[in-house]
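Chains, contacts and geometry: an overview
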Amino acid sequence: MTVLGAVFRPQNPPERLRAVARVAEESGLEQLWLWEDCFLESGIASAAAVLGWTERLHVGIGLLPVPLRNVALTAMEAATLDRLFPDRVLLGVGHGVQDWMGQVGARVESPVTLLGEYLDALRALLAGERVTTSGRYVRLDGVALDWPPFAPPKIYAGAQGPRSIRLCGSHADGTLLDSITDADGVRAARTLIDEGRTAAGRTDPHPVVASLLAVTGPDAEARLAAERTPRHAPGAGVAGGAQVVADAVHRLVDAGADTVIIQPTADEPDPEAFVRFVAEEVRALV
C-alpha cells in the first residue's frame, strides 16, 4: 500500500507545530515531514518535539543540509532520536541550497563529493562502527557512538541533478524527490537510482519518496500558480479536491514512488485542516 504523508512547512511559526502534530496523530496520518530550511526552523529540534507529542506518527526530516552539519553531530542527534523513539524517525540529508550555504560560509566546491563522503560516514556511525576517514571534506579519527541505534536506520538523501540522484542510489538507503518533480521525473530518477545501485553492487530495497505540491479550496488554482516556479516540471503540482490530489498520487506511485508526501503552499492558511484533508479525504482514495 502506498505510504502517505504531509509536510509542515517552516514558513509556519514553530509554536503552530504542536497543533499540527496532534491533528496528524489523531487523524491517522502515517508520516509528517519537516524541513530544515535556512533560516527558519531546526529539523532535529522540531522532530524531537513532534515525536515527544505523539505516540505512533512517523516523523521525517527533509533535508538536513550536510555542509552546515558535522557528520558526527548528525549521527549523535539521529542516534539519540532513534533510541528515544525507535523506528519512528525518517532522516534525510542533502546538499542544502547553495546560496544559503554560501551565506553561512559553508559552501563547498564539490557538493556531490561531500554528500558521498558524508553518507558513507553517517551510515557507518549509525551502524555502530568506529570510523576513521580522511576524505576531501569528511575527516574522522576513530569516531564511534557510545549509544548507536539498536538497528541502523535508513538514511535518505535528497537530490535533483543526475549525478546526485545516481549517488543516492549508490550511497543512500532511499531517495527523497522534491515537489518540482512530476511523474516523468520520478521515472527518470528511478533509472538513475538503479544505475547507482548497480554500480555499487547494492541489492537492498531502496524506497523513493516523492513530494507533491497540492492546493485545495476555492482559490486553489491561483495559489498553485503563485507557488510554481520555472523549475517545476510541467506535471508538478495540482489544485483541486481530494480526488484530484489522489489521482496525482497514483501517477507518482505508478511512476515508481513508494511514498508520497503532500506539501501545502507556503501561504496555506490552515495547516491543521490541510493535514486532516490529507489523512482523511485523500487517504480514503489512495
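Criteria and thresholds
- Residues numbered from 1 in each chain as written.
- Predicted model: local features only at pLDDT ≥ 70, side-chain atom pairs only at ≥ 80, totals over all residues.
- Heavy atoms only, no water.
- Axes fitted to C-alpha atoms, helices over the stretch in contact; angles between N-to-C directions.
- Helix = DSSP H or I, 4+ residues; strand = E, 2+ residues; numbered from the N terminus.
- Parallel < 35°, antiparallel > 145°, perpendicular 65-115°, else oblique.
- Left-handed = near helix turned anticlockwise from the far one by under 90°.
- Contact = heavy atoms within 4.5 Å.
- Nonpolar A, V, L, I, M, F, W, Y, C, P; charged D, E, K, R; others polar.
- Expected span 1.5 Å × (residues − 1).
- Buried < 20%, exposed > 50% of the residue type's maximum accessible area, 1.4 Å probe, protein only.
- Disulfide = S-S within 2.5 Å.
- Core = buried A, V, L, I, M, F, W, Y, C linked by side-chain atoms within 4.5 Å.
- Phe/Tyr/Trp six-rings, centres within 6.5 Å; stacked < 30°, edge-to-face > 60°.
- 1 Å grid on protein atoms, 1.4 Å probe; cavity = no way out; pocket = protein on both sides within 12 Å on 5 of 7 lines; lining within 4 Å.
- Points joined across faces, edges and corners; volume = space filled by probe spheres on them.
- Pairing = 2+ DSSP bridges.
- Right-handed = clockwise from strand over helix to strand, strands pointing away.
- Arc of directions from axis to C-beta.

On to the packing of helix α5 (residues 111-126) against helix α6 (residues 162-171). Helix-helix packing: each pair is described by the crossing angle between the helix axes and the interaxial distance. The N-to-C vectors of α5 and α6 enclose an angle of 15 degrees; their axes lie 10 Å apart at closest approach. Taken as axis vectors, α5 and α6 run roughly parallel relative to one another. By crossing handedness, the relation of α5 to α6 is classed as right-handed. Packed against α5, whose contacting residues are Val112, Leu115, Gly116, Leu119, Asp120 and Arg123, the element α6 presents Arg163, Ser164, Leu167 and His171 at the interface. Its residues placed into classes, the contact of α5 with α6 shows four nonpolar, three polar and three charged.

Another point: α5. If you check α5, its first and last C-alpha atoms are 22 Å apart, about what 16 residues at 1.5 Å a residue would give, namely 22 Å. For α5, the tally of buried residues reaches twelve of 16 residues, placing the bulk of the element in the interior. Listed in full, the buried residues belonging to α5 are Val112, Leu114, Leu115, Gly116, Glu117, Tyr118, Leu119, Ala121, Leu122, Ala124, Leu125 and Leu126.

Quick look at the state of the cysteines now. Put plainly, a disulfide is one covalent bond tying together the sulfur atoms of two cysteines. Evaluation of the coordinates by the stated rule reveals zero disulfides. The structure places no disulfide on Cys38, whose sulfur is separated from the nearest cysteine sulfur, that of Cys168, by 19 Å.

Turning our attention to the nonpolar core. The biggest cluster of nonpolar side chains holds 79 residues, and the ones touching the most others in it are Leu29, Val93, Leu122, Leu212 and Ile262. Looking at this core, the element that brings in the most residues is α5, giving ten residues. Beyond its immediate stretch of four places on either side in the chain, Leu212 contacts Ser179, Gly237, Val238, Val245, Ala248, Val249, Leu252, Val260, Ile261, Ile262 and Gln263. Counting eight residues, the second-largest nonpolar core is a separate cluster that includes Trp33, Trp35, Leu90 and Leu176.

Given two aromatic rings, one states the distance between the centres and the angle between the planes to describe the pair. In total, this model carries two aromatic pairs according to the counting rule given. Ring centres of Trp33 and Tyr156 lie 6.4 Å apart, and the angle between their planes is 85 degrees; this geometry places the pair in the edge-to-face category. With Trp33 in strand β2 (residues 31-34) and Tyr156 in strand β7 (residues 155-158), this pair connects stretches of sequence that are 123 residues apart. Comparing Trp33 with Tyr156, the two get one shared label, buried. On the basis of an interplanar angle of 45 degrees and a centroid distance of 6.3 Å, the ring pair of Phe274 and Phe277 is categorised as tilted. Separated by three residues within a single helix, Phe274 and Phe277 lie in helix α10 (residues 271-282), roughly one turn from each other. Here Phe274 and Phe277 have matching classes, each one buried.

Quantified by volume, the largest pocket comes out at close to 1000 Å³. Elements with a minimum of two residues in the lining of the largest pocket: β2, β3 (58-65), α4 (98-103), β8 (174-177), β9 (208-215) and β11 (259-263). Element by element, the count of residues in the lining of the largest pocket is highest for β3, at three residues. Looking at the lining of the largest pocket, its residues break down into 14 nonpolar, 15 polar and six charged. Size it by volume and the second largest pocket reaches roughly 230 Å³. As for the second largest pocket, its lining consists of 14 residues, and the residues nearest its centre are Asp82, Asp87, Arg88, Val89 and Leu90. Partitioned by chemical class, the residues of the lining of the second largest pocket number eight nonpolar, two polar and four charged.

Side-chain alternation along β8 places Gly174 and Leu176 on one buried face and Thr175 and Leu177 on a second face that is also buried. As paired elements, β7 and β8 share three bridges and run parallel to each other. Bridge pairing in β8 links Ala157 to Thr175. Tracing the backbone out of β7, into α6 and back to the parallel element β8 gives a crossover that is right-handed. The pairing of β8 with β9 spans three bridges and is parallel. Bridge pairing in β9 links Leu176 to Val209.

Turning next to the pairing of strand β1 (residues 3-8). Of all six residues in β1, five are buried; the element is thus mostly enclosed. Sheet topology places β1 next to β11; four bridges connect them, and they run parallel. Note on β11: the bridge partner recorded for Val3 is Thr259. Chirality of the crossover, the property in question, places the unit of β1, helix α1 (residues 17-27) and β2 among those that are right-handed.

A few words now on helix α8 (residues 220-227). For α8, the complete set of buried residues consists of Ala220, Arg223, Leu224 and Glu227. On an axial view of α8, the arc spanned by its buried residues comes to 100 degrees, and they lie on one face. Those residues of α8 that are exposed and angled more than 90 degrees off the buried face are Glu221, Ala222, Ala225 and Ala226. Packed against the buried residues of α8 are β9 and β10 (238-239).

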